[in-house]
Amino acid sequence: MPQELLLQVTPEIAANQEQLKNHISKQIQVSANAIQQVVVLKRSVDARQKAIKINLKVAVYLKGDFFEATKFQLPDYPNVATAQEVVVVGAGPAGLFAALQLIELGLKPIVLERGKEVRGRRRDLKAINVDHIVHEDSNYCFGEGGAGTYSDGKLYTRSKKRGDVTRILELLVAYGATPDILVEAHPHIGTNKLPQIIQDIRQKILACGGQVLFETRVTDILIKNNEVQGVVTHQGDTILANKMILATGHSARDIYQLLDTKKIFIEAKPFALGVRAEHSQALIDQIQYSCDYRGELLPPAPYSIVKQVGGRGMYSFCMCPGGVIAPCATSPGEVVTNGWSPSKRDQPTANSGIVIELRLEDFKPFAKFGALAGMEFQKSIEQKAWQLAGESQRVPAQRMIDFTQGKVSSSIPKTSYVPGTTSVEMGQVFPGFLTQILREGFSEFGKSMKGYLTNEAILHAPESRTSSPVRIPRDPISYEHLQIKGLYPCGEGAGYAGGIISAAIDGEKCALMVGECLRQKNMQ
Ligand code: FAD
């Protein structure tokens, strides 16, 4: 049996197997030669003191102990080509993991995705960045892999159910992600690696007899006696099914509109909104690691900050060390920011959403839209930003101290946001209460993170797609929609997930609930 140890070591020791063995040999008082293998089980950076340490949990195998490197294998998926069909709308993490789970249960998923397969999607991302053209079905939010495909691929979640998280991480490793994601306290995959993993998941669904139809937007849901009968696609095709997992993400406004028009119960949901701040990565490293230069052994530093300002939470969201700010609009006439990083996080800039929690009462000016009030509030800010920045994919931008002082910046340096920026006083983008909180909040952030409040940092607006502005309510036990049988609202768009991992977990759960419902029906 290996011995498990908790260690705190220098970055040099953590990076070198031999040095690590020597360190451990002294600690457990055996010769370094007696140690067969050291397996790192968990790794995190402890930057609380000037001398940065790496916290490790390791398993030490002595010579004579049985050691075998863990292999992560795919489940034994059956062929489901002739099995009962279940429609899955959306090929984001929720939809894809729902499809895989359905196959494990012996059911045939038919995945309908409005966007293109991962490679075709790239051309449309170039069109947004370079030509300012937003394709309404293929963009940073829509297409194979969903909103997370061209992201930082951060894989942490607030989910307390470690077993569920570990299962998703192990499946990702089996589909080609680096096993490091099982070890790091804050794992991430990176934009360059995610597309291949997603393609391999699709290939597996197809190889097992499932279907994945791209460029197939669902435009209607067929319902009879409050029970799902199937869907209609934008080509006018009808696909019949009485079980449907709806995993369309937080940006599918047409789906919310459809549900509202059909009087299918949905409700407004609070979300968060603000700006995306960009600093140089070197400055964030200096602040977080209290050093002049990070060196080769430490990862580009992330940050996470929360403050109560004016009675509301203001916090960093989806922070991307060594990353790039992306244009994430899903329709012409609006601008939206978010961020991504390559796996090495080796870009010179660090960006993060800095957002404020909204409340349902903030949506009052849009009350006439009922359950869609929050969505219309969100849309109005995105459209205002588009107008103010010049009616293209350029975004309003302002230097951070200038913003806190309500001063238009006389110049905006080039930032990582490829379509470009227009110098705008951000107070014009947001309602007064949001501007006020953001101004105070940045001053507070500057007190906690010395150097953070600087005119070298550039704010981009808006960061508005933090989570869904609408909830599609479901029964907490059966996961079926409260009113429509056979409809399983799923993932971030339904208001039951926030991020890649929690969306994947929710996808699996919805599939399990579909399986359970069918099992009970078959027993009757
Ligand atoms: P989505 O991923 O949004 O997938 C929904 C899918 O449904 C889309 O592919 C869409 O095209 C499709 N669809 C919508 N309407 C229809 C329709 N009518 N018919 C057919 N198909 C439809 N999360 C993290 O955890 N870590 C990160 O580092 C991270 N970075 C991000 C960076 C960016 C740039 C963005 C945009 C998001 C990022 N996120 C990140 C958030 C994360 O991507 C989402 O939380 C997650 O993808 C939600 O999964 P989902 O499956 O519920 O929905």
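Reading the values: the criteria
Residues numbered from 1 in each chain as written. Predicted model: local features only at pLDDT ≥ 70, side-chain atom pairs only at ≥ 80, totals over all residues. Near = placed C-beta within 6 Å. Helix = DSSP H or I, 4+ residues; strand = E, 2+ residues; numbered from the N terminus. Nonpolar A, V, L, I, M, F, W, Y, C, P; charged D, E, K, R; others polar. Buried ≥ 20, exposed ≤ 12 C-beta atoms within 10 Å, placed from the backbone. Contact = placed C-beta atoms within 7 Å. Pairing = 2+ DSSP bridges. Axes fitted to C-alpha atoms, helices over the stretch in contact; angles between N-to-C directions.

Brief notes about the site of the ligand
In step 1: Looking at the ligand, there are 42 residues lining it, with G90, G92, G146, G249 and G491 nearest.
In step 2: Elements that contribute at least two residues to the shell around the ligand include exactly α3 (93-104), β16 (337-340), α12 (491-494) and α13 (500-523).
In step 3: Looking at side-chain class alone, the shell around the ligand contains 20 nonpolar, 16 polar and six charged residues.

Points about unusual backbone geometry
In step 1: Cis rather than trans, the peptide bond between A461 and P462 has omega equal to -10°.
In step 2: When you line up the elements, P462 lands in strand β20 (residues 458-463).
In step 3: Backbone geometry places N226, a non-glycine residue, at a positive phi of 60°.
In step 4: Tracing the chain through its elements places N226 in the loop between β7 (218-224) and β8 (227-233).
In step 5: For N226, a count of 12 C-beta atoms within 10 Å gives the class exposed.
In step 6: Backbone geometry places K263, a non-glycine residue, at a positive phi of 60°.

Focus on the environment of G427
In step 1: Within the element layout of this structure, G427 appears in the loop between β19 (421-423) and α11 (432-448).
In step 2: With 17 C-beta atoms packed within 10 Å, G427 lands in the partly exposed category.
In step 3: Note: C-alpha distance between G427 and K407 (20 residues apart in sequence) is 9.6 Å.
In step 4: Beyond its immediate chain neighbours, meaning those up to four positions away, G427 contacts G406 and T435.

Thoughts on the sheet that holds strand β1 (residues 3-9)
In step 1: As summarised here, the arrangement of the three strands in space is β1-β3-β2, forming an open sheet in which the pairing is antiparallel. Of all strands in the sheet, those with a lone pairing partner are β1 and β2 (35-46), marking the two edges. Across the sheet, the mean angle separating the axes of adjacent strands is 25° when strand polarity is ignored.
In step 2: On the sheet, helix α2 (residues 17-28) packs against β1, β2 and β3 (53-62) and is oriented at approximately 100° with respect to β2.

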